[in-house]
Amino acid sequence: MPQLAYVNGRIQPLAQASLHVEDRGTQFGDAIYEVCAVLNGRILDWQPHLVRLRRNLGELGITLGVADGPLTLQARRLIERNGHTECIIYMQISRGTAKRDHAFPSDAPANLVMTVRRFDFAQRIKQLATGIAVITQPDNRWGRVDIKTTGLLANVLAKQAAKEAGAFEAWLVSGETVREGSSTNAWIVKDGRIITHPTGTAILPGIARDSLIRLAQGAQLMVEERPFTLAEAMHADEAFLSSTTAPILPVVRIDGQAVGSGTPGPVTARLAELTWNEVARQTGWRA
Ligand code: PDD
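Residues numbered from 1 in each chain as written. Predicted model: local features only at pLDDT ≥ 70, side-chain atom pairs only at ≥ 80, totals over all residues. Heavy atoms only, no water.

### Some words on the overall build of the protein
Then, number 1: Scanning the protein for helices and strands turns up 8 helices and 16 strands.
Then, number 2: Relative to the 2.2 N^0.38 estimate, which gives 19 Å for 287 residues, the radius of gyration of the protein is 19 Å and therefore close to what a compact globule would have.
Then, number 3: Considering only C-alpha atoms, the protein reaches an extent of 55 × 40 × 35 Å along its principal axes.
Then, number 4: Put simply, the protein has 287 residues, and 49% of those count as buried.
Then, number 5: A sequence separation of at least 24 residues applies to 70% of the contacts in the protein between residues at least 6 apart.
Then, number 6: If you average the places of the 31 positive and of the 28 negative side-chain charges in the protein, the two averages end up 5 Å apart. (Helix = DSSP H or I, 4+ residues; strand = E, 2+ residues; numbered from the N terminus. Rg over C-alpha atoms; globule rule 2.2 N^0.38 Å. Buried < 20%, exposed > 50% of the residue type's maximum accessible area, 1.4 Å probe, protein only. Contact = heavy atoms within 4.5 Å. Lys, Arg positive; Asp, Glu negative; His and termini not counted. Charge placed at Lys NZ, Arg CZ, Asp CG, Glu CD.)

So, in structure tokens, the structure goes:
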């Protein structure tokens, strides 16, 4: 079956799907996006993703002429037509196509693109046993990284540095503070307390992050939303990361140094159990 993509109301073969060269997403990164996990053919946390997408459009003053209902139907249709039950769906909305000019065009409709890619979630469950390594990189991003824009150059460079160092992720550090990863949120555990950077303008408010906080609190675990330093992370009992495509992975090394025992810890394991149970509750998927 050829892969299919959605572009402005049409589902077509991915190889033929395209946007105009003067799409503002290409020229200015003037676009927002969402990535959602699909398991057992069902989109995980769809409602929170939709709320974040609308907020991001609002922050940038982009008008999408597609309401939530039709958007949901089109996303589901694209997933079904691609025939994948375990995949990720990528949705991108740019301010539209217009002659290149920094100021907004007055009458360009937004461009909506969706693609679907098969994803092996079972592999993530295997990684819970080994954990992953992260390196640190300076946080070189702009001041509104709470808005999920396609302007990801600093994230791309940080992720490439991680890859070249044989690590899974780069944690972005500003001054002494660990903010988040290049495409994941960052967490540590110390004396039973689960610590992650607070939302605001310095991190992306991750959907997996939010879900984890709710699950942890529901299980009477202590969560502290506060900045933590790299030194704290280096001396933490445990560390982990979260994202749509993780959704939780133990971090066992930071810049080559073992975190705690250097193996995945019990608090992370408990959170992973809660997370995958929630995935099963929402979607019916089990590894
Ligand atoms: N990344 N922080 C950054 C900078 C991110 O790009 C992401 C998501 C997250 C985690 O957010 P969520 O839990 O909503 O996935 C945190 C996506 C997956 C991506 O860019 O592919």
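### Points about the nonpolar core
Then, number 1: Core analysis: the biggest nonpolar cluster contains 27 residues, and L71, L78, I89, I93 and M114 have the highest contact counts within it.
Then, number 2: Counting residues per element, the ones that place at least two in this core are strand 1 (4-7), strand 3 (31-39), helix 2 (46-60), helix 3 (68-82), strand 5 (87-94) and strand 6 (111-118).
Then, number 3: The element best represented in this core is helix 2, accounting for 5 residues.
Then, number 4: Apart from the residues within four sequence positions on either side, L71 is in contact with L50, L53, R54, L64, V66, M91, L112 and M114. (Core = buried A, V, L, I, M, F, W, Y, C linked by side-chain atoms within 4.5 Å.)

### Topic: helix 4 (residues 121-130)
Then, number 1: Among the residues making up helix 4, those that are buried are F121, R124, Q127 and L128. Buried residues along helix 4 cover an arc of 115 degrees about the axis, so they all sit on one side. In helix 4, the exposed positions that point more than 90 degrees away from the buried face belong to K126, A129 and T130.
Then, number 2: Looking at the buried side of helix 4, the elements it contacts are strand 3, strand 5, strand 7 (132-138), strand 15 (248-254) and helix 8 (266-283).
Then, number 3: With a side-chain oxygen positioned 3.2 Å from the backbone nitrogen of A122, the residue opening helix 4 is D120.
Then, number 4: Immediately beyond the C-terminal end of helix 4, within one or two residues, lies G131, with a positive phi of roughly 80 degrees. (Arc of directions from axis to C-beta. Polar contact = N/O pair within 3.5 Å; in protein donor to acceptor, adjacent residues only side chain to side chain.)

### Let's talk about the domain arrangement of the protein
Then, number 1: Annotation of the protein at the domain level lists domain 1 (4-119) and domain 2 (124-283).
Then, number 2: Distance between the C-alpha centres of domain 1 and domain 2: 26 Å.
Then, number 3: Facing 26 residues of domain 1, the contacting portion of domain 2 comprises 20 residues.
Then, number 4: Of the roughly 1,900 Å² buried at the junction of domain 1 and domain 2 (both faces included), carbon and sulfur atoms supply 60%.
Then, number 5: Connecting domain 1 to domain 2 are 2 salt bridges.
Then, number 6: Notably, a salt bridge pairs R55 with D146, separated by 2.9 Å at the nearest N-O pair.
Then, number 7: Joining domain 1 to domain 2, the criterion identifies 9 residue pairs in polar contact (both at pLDDT 80 or more). (Domains from an automatic or database assignment. Buried area = accessible area lost by both parts, 1.4 Å probe. Salt bridge = Lys/Arg side-chain N within 4 Å of Asp/Glu carboxyl O.)

### Some remarks on the sheet that holds strand 4 (residues 42-43)
Strands in a sheet are paired, the pairing made by backbone hydrogen bonds, and the direction either parallel or antiparallel.
Then, number 1: Spatial strand order, 2-1-6-5-3-4: 6 strands in an open sheet with antiparallel pairing. For this open sheet the edge positions go to strand 2 (10-13) and strand 4, each flanked by a neighbour on one side alone. (Pairing = 2+ DSSP bridges.)

### Examining the site of the ligand
Then, number 1: Near the ligand lie 18 residues; those nearest to it are Y33, R52, E180, I207 and T244.
Then, number 2: A208 places a polar main-chain atom, nitrogen or oxygen, 2.9 Å from an oxygen atom of the ligand.
Then, number 3: Contact with the protein chains removes 90% of the 470 Å² of surface that the ligand exposes when unbound.
Then, number 4: Of all the elements in the fold, those that place two or more residues in the shell around the ligand are strand 3, strand 9 (177-181) and helix 6 (207-218).
Then, number 5: Within the shell around the ligand, the residues separate by chemical class into 5 nonpolar, 9 polar and 4 charged.
Then, number 6: Both domains that furnish three or more residues to the shell around the ligand are identified here as domain 1 (4-119) and domain 2 (124-283). (Near = heavy atom within 4 Å. Areas by Shrake-Rupley, 256 points an atom, 1.4 Å probe, with all protein chains shown as cover. Nonpolar A, V, L, I, M, F, W, Y, C, P; charged D, E, K, R; others polar.)

### Comments concerning the packing of helix 2 against helix 3
Packed helices, taken two at a time, are described by their axes: the angle between them and the distance between them.
Then, number 1: Across the interface, helix 2 lies against helix 3 with an axial gap of 12 Å and an inter-helix angle of 125 degrees. Considering their axes alone, helix 2 and helix 3 lie oblique with respect to each other. Once helix 2 is placed against helix 3, the crossing between them reads as right-handed. Of helix 3, the residues touching helix 2 (which contributes W46, L50, L53 and R54) are D68, L71, T72 and A75.
Then, number 2: Of the residues in the contact of helix 2 with helix 3, the class split is 5 nonpolar, 1 polar and 2 charged. (Axes fitted to C-alpha atoms, helices over the stretch in contact; angles between N-to-C directions. Parallel < 35°, antiparallel > 145°, perpendicular 65-115°, else oblique. Left-handed = near helix turned anticlockwise from the far one by under 90°.)

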